Amino acid sequence: MSQQSSYTVHCITDLFVLISDDDREGYRSVTNDAENVVRSIHENVASLKSRRVFYLDSAGQIDELKHEAGRFTGFGPCTDSQRKMLASYLPKLAV
């Protein structure tokens, strides 16, 4: 059985949190563990009451983990301009 996902927090602002999937062997992906990831960020990293959560998945795509005050509600696509802006917060090798 896979462990919960492993991810890296790259940026926390008043408006959003940006993470990336560490893509570690034996761990679930952020995509497949989204409910736990959102809850973990909300409880251990930063309140998600007024922040959005964006993530770089293991395929190199940046999208959103939608939630209501830390409770995962689904996935949302980013626009090209959002992806470009968010990518500027990631290490150059990840983009």
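Look up a bit, the structure's there.
Figured I'd write up the structure that's included with this text. (Residues numbered from 1 in each chain as written. Predicted model: local features only at pLDDT ≥ 70, side-chain atom pairs only at ≥ 80, totals over all residues. Heavy atoms only, no water.)

Here we come to the nonpolar core. Counting residues in each nonpolar core, the largest one holds 14 residues, and the members touching the most others are I19, V30, V37, I41 and L65. At the level of secondary structure, the elements contributing two or more residues to this core comprise β2 (16-21), α1 (34-44) and β3 (52-56). Broken down by element, this core gets its largest block of residues, four residues, from α1. Not counting residues within four places of it along the chain, the set of residues in contact with V37 comprises S5, Y7, I19, V30 and L65. C11, F16, C78 and L90 belong to the second largest nonpolar core, which has 10 residues in total. (Core = buried A, V, L, I, M, F, W, Y, C linked by side-chain atoms within 4.5 Å. Buried < 20%, exposed > 50% of the residue type's maximum accessible area, 1.4 Å probe, protein only. Helix = DSSP H or I, 4+ residues; strand = E, 2+ residues; numbered from the N terminus. Contact = heavy atoms within 4.5 Å.)

Tallied over the full model, the rule gives four aromatic pairs. Geometrically, the ring pair formed by F16 and Y89 is edge-to-face, given 5.6 Å between the ring centres and 75° between the ring planes. Remark: Y89 occurs in the segment after α2 (80-87) and F16 occurs in strand β2; sequence separation between them is 73 residues. The partly exposed category is assigned to Y89, whose relative accessible area is 36%. Taken together, a centroid distance of 6.5 Å and an interplanar angle of 50° make the contact between Y55 and F75 tilted. One end of the pair, Y55, is in strand β3; the other, F75, is in strand β5 (residues 71-77), and 20 residues separate them in sequence. By relative accessible area, which is 4% here, Y55 ends up buried. Cluster of aromatic residues (ring-pair linked, three or more members): F16, F54 and Y89. (Phe/Tyr/Trp six-rings, centres within 6.5 Å; stacked < 30°, edge-to-face > 60°.)

Functional significance is not addressed by these values, which are geometric in nature.
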